[in-house]
Amino acid sequence: MNANEVIANRALELLGFEKGQYRYLHPNEDVNLGQSTNDVYPTAVKVATVFAVRGLLKAMAVLQDSFARKAVEFRDVLKMGRTQLQDAVPMTLGQEFSAFAVMIDEDRHRLDEAVQLIHEINLGATAIGTGLNAPAGYAEAARRHLAEITGLPLVTAVNLVEATQDCGAFVQMSGVLKRVAVKLSKSCNDLRLLSSGPRAGLGEINLPPVQAGSSIMPGKVNPVIPEVVNQVAFEVIGNDVTITMAAEAGQLQLNAFEPIILHSLSESITHLRAACLTLAERCVDGITANTEVLRASVENSIGLVTALNPHIGYTAATDIAKEALVTGRGVAELVLEKGLLPAETLADLLRPEVVAGTGRALA
């Protein structure tokens, strides 16, 4: 109703009248003709959401490209893969970053699917979906003009009574945003773990320093960019709970809680967009690899025997693993000492494209 008054008074000014001269143009009689908050508000929310999601999709593409470039840069950097925080089998750092890129790409597709549902509007439904007080053909005429103004392929819901009370499209969108947040946060967890140290942690990669990390520990640098993205993810997950409860709380022919749904959706989309761009530009683009640390971890890892198992046999591989654990010596060192493989063959087997399967899989 406040918007109607603003529009009416601005129209009066353009027509050459004073503000408030409603006998010439009235906020409710004229501006609000054939409309209701119950169909105009959700339609406006959906139009705004579509444009906001477009911005998020572009930001996600920027982050995906950033991870993909690092995947190419690190394609020959050998390292140990881990499962349950234990040594597993060798891989390349490029494969690790390629996985980050693919996760973002998958979520972009899911988000693009979810936003299609937001193009369905209930403009013309008026109060509860029956179209009361709207002239015949109003819904289609309003949709057509709004589509022309926005450039969006908007469609009128088949059942306006259902569309006026149902918030399923918002719940779907929020669920996808939560998925984006969860996977983005997981990737940031990995970046923090891989860069832990620099001496007493994994220390496999270096994140670009952003600011001094401590007022008491000189020289300490914290992974603040991944940490802020983590916190955005927590916020988005919380917003999803809010949207879920608000959508569930609607009664009968209207959901009165769409304002908090819009607020939460807008916050999630806006903050995720900023998080993706910040992570790409302030962190991922500047990541470097500690190649010697990574190589040494492979050569000293017990997990290396898994890659050598087809060439030296299961029994010999088991014995090597046991001795390496007891003595603390490297697997490659023991294999050479026992004459299980020639040095040239072992070197060939430890090439990234062989040990990590990059010749047939990811870069």
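Each remark here, short or long, concerns the structure printed above.
The model shown is predicted, which means the values in this text are computed figures rather than measured ones.

*Asks:* When you look at the overall build of the protein in this model, what are you seeing that I'm missing?
*Replies:* Secondary structure summary: the protein contains 15 helices and six strands in total. For 363 residues, the compact-globule estimate of 2.2 N^0.38 gives 21 Å, and the C-alpha radius of gyration of the protein, at 29 Å, exceeds that figure by more than 25%. Across its three principal directions, the C-alpha atoms of the protein cover 100 × 45 × 35 Å. Within the protein, the proportion of its 363 residues that are buried is 43%. Within the protein, contacts between residues at least 6 apart in sequence are counted, and of these 71% link residues at least 24 apart. On the protein, roughly 18,600 Å² of surface is accessible, and the fraction owed to carbon and sulfur atoms is 56%. Where the 30 positive side-chain charges of the protein centre and where its 40 negative ones centre are 4 Å apart.

*Asks:* I would appreciate a short explanation of the packing of aromatic side chains in the present structure.
*Replies:* Overall, the coordinates contain five aromatic pairs when judged by the stated rule. Geometrically, the ring pair formed by Phe67 and Phe97 is tilted, given 6.1 Å between the ring centres and 50 degrees between the ring planes. Of this pair, Phe67 sits in helix α3 (residues 37-73) while Phe97 sits in helix α4 (residues 93-117), and the two are 30 residues apart along the sequence. With respect to class, Phe67 is no different from Phe97; both count as buried. Judged by centre distance (5.1 Å) and plane angle (50 degrees), the rings of Phe67 and Phe100 are tilted. Placement of Phe67 in helix α3 and of Phe100 in helix α4 is noted, with a sequence separation of 33 residues between them. The same class applies to Phe67 as to Phe100, namely buried. Here the aromatic cluster, defined as three or more aromatic residues joined through ring pairs, consists of Phe67, Phe74, Phe97 and Phe100. Above the plane of the ring of Phe170 lies Lys46, whose end atom (NZ or CZ) is 5.8 Å from the centre.

*Asks:* When you look at the side chain of Thr150 in this model, what are you seeing that I'm missing?
*Replies:* Considering the arrangement of structural elements, one finds Thr150 in helix α5 (residues 138-150). For Thr150, a relative accessible area of 17% translates into the label buried. Within the local environment of Thr150, its side chain forms a polar contact with the backbone oxygen of Leu146, the two atoms lying 2.8 Å apart. At 3.2 Å, the side chain of Thr150 and the backbone nitrogen of Leu152 are in polar contact.

*Asks:* What is the right way to look at the pairing of strand β2 (residues 86-92) in this model?
*Replies:* The side chains of a regular strand alternate between the sheet's two faces. In the sheet, strand β1 (residues 78-83) pairs with β2 via five bridges, with the strands oriented antiparallel. Bridging across to β2, Met80 finds its partner in Pro90.

*Asks:* I would appreciate a short explanation of the packing of helix α7 (residues 168-194) against helix α8 (residues 224-248) in the present structure.
*Replies:* For any two helices packed against each other, the geometry is given by the interaxial angle and the distance between the axes. Remark: α7 packs on α8, axes separated minimally by 8 Å, with the N-to-C direction vectors making an angle of 160 degrees. Accordingly, the angle class assigned to the pair α7 and α8 is roughly antiparallel. For the element pair α7 and α8, the recorded crossing hand is left-handed.

*Asks:* Quick question: what am I supposed to make of unusual backbone geometry here?
*Replies:* Peptide bonds are trans in most cases, and residues, glycine excluded, mostly fall at negative phi. Gly197 connects to Pro198 through a cis peptide bond whose omega is 10 degrees. Among the secondary structure elements, Pro198 is positioned in the loop between α7 and β5 (205-206). Within the chain, Gln84 stands out as a residue other than glycine whose phi angle is a positive 55 degrees. Take Gln84: it is sitting in the loop between β1 and β2. According to the relative accessible area criterion, Gln84 is exposed, its value standing at 76%. Even without a glycine there, the phi angle at Asn133 is positive, about 75 degrees.

*Asks:* How should the pattern of salt bridges be read in this particular structure?
*Replies:* Any two side chains of opposite charge can pair, on the condition that their charged atoms come close. The tally for this structure, following the rule as stated, stands at 19 salt bridges. Salt-bridge contacts for Lys183 lead to Asp107; the nearest nitrogen and oxygen are separated by 3.1 Å. Taken together, the residues span a long stretch of sequence, with Lys183 in helix α7 and Asp107 in helix α4 at a distance of 76 residues. Grouping residues by exposure puts Lys183 and Asp107 together as buried. Among the ionic pairs, Arg143 bridges to Glu140, the shortest N-O distance being 2.8 Å.

*Asks:* So what exactly am I meant to see when it comes to the packing of α4 against α7 here?
*Replies:* As a packed pair, α4 and α7 sit with axes 9 Å apart at the nearest point and diverge in direction by 170 degrees. One element, α4, and the other, α7, form an angle in the roughly antiparallel class. The residue inventory of the contact of α4 with α7, partitioned by class, reads 16 nonpolar, two polar and seven charged.

*Asks:* Please explain the state of the cysteines as it appears in this structure.
*Replies:* Within this structure, the stated rule accounts for zero disulfides. The thiol of Cys283 is unpaired, and the distance to the nearest cysteine sulfur, on Cys188, comes to 7.1 Å.

Each value, and the rule that gives it
- Residues numbered from 1 in each chain as written.
- Predicted model: local features only at pLDDT ≥ 70, side-chain atom pairs only at ≥ 80, totals over all residues.
- Heavy atoms only, no water.
- Helix = DSSP H or I, 4+ residues; strand = E, 2+ residues; numbered from the N terminus.
- Rg over C-alpha atoms; globule rule 2.2 N^0.38 Å.
- Buried < 20%, exposed > 50% of the residue type's maximum accessible area, 1.4 Å probe, protein only.
- Contact = heavy atoms within 4.5 Å.
- Areas by Shrake-Rupley, 256 points an atom, 1.4 Å probe, with all protein chains shown as cover.
- Lys, Arg positive; Asp, Glu negative; His and termini not counted.
- Charge placed at Lys NZ, Arg CZ, Asp CG, Glu CD.
- Phe/Tyr/Trp six-rings, centres within 6.5 Å; stacked < 30°, edge-to-face > 60°.
- Lys NZ or Arg CZ within 6 Å of the ring centre and 35° of its normal.
- Polar contact = N/O pair within 3.5 Å; in protein donor to acceptor, adjacent residues only side chain to side chain.
- Pairing = 2+ DSSP bridges.
- Axes fitted to C-alpha atoms, helices over the stretch in contact; angles between N-to-C directions.
- Parallel < 35°, antiparallel > 145°, perpendicular 65-115°, else oblique.
- Left-handed = near helix turned anticlockwise from the far one by under 90°.
- Salt bridge = Lys/Arg side-chain N within 4 Å of Asp/Glu carboxyl O.
- Nonpolar A, V, L, I, M, F, W, Y, C, P; charged D, E, K, R; others polar.
- Disulfide = S-S within 2.5 Å.

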